[in-house]
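For reference, the chains in residue letters:
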Amino acid sequence: LEIAAVTVPDDEKLTALLQEEVWNKNELLLEMPQITLNTCKLGDSYCFVWPDEDGSVEITYNSPNCLTAVYDPEHPRRMMYAVKAWSLGGREGRTRAEIYYPEKIERWITKAKATGKAENWEPYEDPEQGIAAEEVNPYGVLPVFHFRTNSPYGEPEHIDAYEPQDALNKLS
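Residues numbered from 1 in each chain as written. Predicted model: local features only at pLDDT ≥ 70, side-chain atom pairs only at ≥ 80, totals over all residues. Heavy atoms only, no water.

*Asks:* Explanation requested: the nonpolar core in the structure shown.
*Replies:* Within soluble globular proteins, side chains that are nonpolar tend to cluster in buried spots. By size, the foremost hydrophobic cluster in this structure holds eleven residues: Tyr46, Phe48, Leu67, Ala69, Tyr71, Met79, Ala82, Tyr100, Ile105, Leu142 and Val144. For this core, the secondary structure elements donating two or more residues are strand S1 (44-51), strand S3 (67-72) and strand S4 (75-89). For this core, the leading source of residues is S3, giving three residues. In contact with Leu67, other than residues within four places in its own chain, are Tyr46, Phe48, Asn62, Val83, Lys84 and Val144. Core analysis: the next-biggest nonpolar cluster, separate from the first, contains five residues, Trp23, Leu28, Met32 and Ile35 among them. (Core = buried A, V, L, I, M, F, W, Y, C linked by side-chain atoms within 4.5 Å. Buried < 20%, exposed > 50% of the residue type's maximum accessible area, 1.4 Å probe, protein only. Helix = DSSP H or I, 4+ residues; strand = E, 2+ residues; numbered from the N terminus. Contact = heavy atoms within 4.5 Å.)

*Asks:* Please explain unusual backbone geometry as it appears in this structure.
*Replies:* Most peptide bonds take the trans configuration, and most residues that are not glycine carry a negative phi. Put simply, Ser151 and Pro152 share a cis peptide bond, and its omega is 0 degrees. Tracing the backbone shows Pro152 in the loop between strand S9 (144-148) and helix H3 (162-171). With a phi angle near 60 degrees, Asp10 is a residue other than glycine that sits in the positive phi range. Locating Asp10 in the fold gives a position in the segment before helix H1 (12-24). We note that Glu27 has phi near 50 degrees; this positive angle belongs to a residue other than glycine.

*Asks:* What should I look at first to understand a negative patch on the surface in this one?
*Replies:* Judged by side-chain charge, Glu155, Glu157, Asp160, Glu163 and Asp166 come together as a negatively charged surface patch. When you line up the elements, Glu155 lands in the loop between S9 and H3. Residue Glu155 is classed as partly exposed on the basis of its relative accessible area of 40%. (Patch = residues over 30% accessible without salt bridge, like charges linked within 9 Å, V, L, I, M, F, W, Y side chains within 5 Å. Areas by Shrake-Rupley, 256 points an atom, 1.4 Å probe, with all protein chains shown as cover. Salt bridge = Lys/Arg side-chain N within 4 Å of Asp/Glu carboxyl O. Lys, Arg positive; Asp, Glu negative; His and termini not counted. Charge placed at Lys NZ, Arg CZ, Asp CG, Glu CD.)

*Asks:* Quick question: what am I supposed to make of the pairing of S1 here?
*Replies:* Every other side chain in a regular strand lies on the same face of the sheet, so the side chains alternate between the two faces. Across five bridges, the pairing between S1 and S9 is antiparallel. Within S9, the position partnered with Ser45 by the bridge is Phe147. As defined by bridge partners, S1 adjoins strand S2 (residues 57-62) across six bridges and the pair is classed as antiparallel. Looking across to S2, one finds that Val49 is bridged to Ile59. Hairpin remark: S1 followed by S2, antiparallel, with five residues in the connecting loop; positive phi at Gly55, about 90 degrees. (Pairing = 2+ DSSP bridges.)

Dropping the structure here:
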């Protein structure tokens, strides 16, 4: 799989801007083959799009192990929200999560040494760094793009080889 071109229909000026300001600055020529490979290996991959400190568009790959999209059951192609969660490590074993909606962003953290049950989560904020527990999404759209091998969620391209490989492993 290979992306042949990224263009804006009927607008050469915007196409050039897109290629220079987004494609080249994010080194997507190098990143997209890895994103494609991971999508085929894992079934899903995500790209998170958000401005960096300079206001430029930053596109970052996210594994389905830390980010997932949730789709509207009545409109299966419509993403309702996306959840990004990661372990903070350390002795407390806390986990942070951010939930992205078109209209807002919520930030959560688990209580010390807590499991993932809903009652163990509390809003996360860090006033010193200017991080609020909830803020308005200034763009009004989800900043997540979902790459997948199937819909609504993918499966690894090599899934049909799991059972034969297990049998070979057992025989040897």
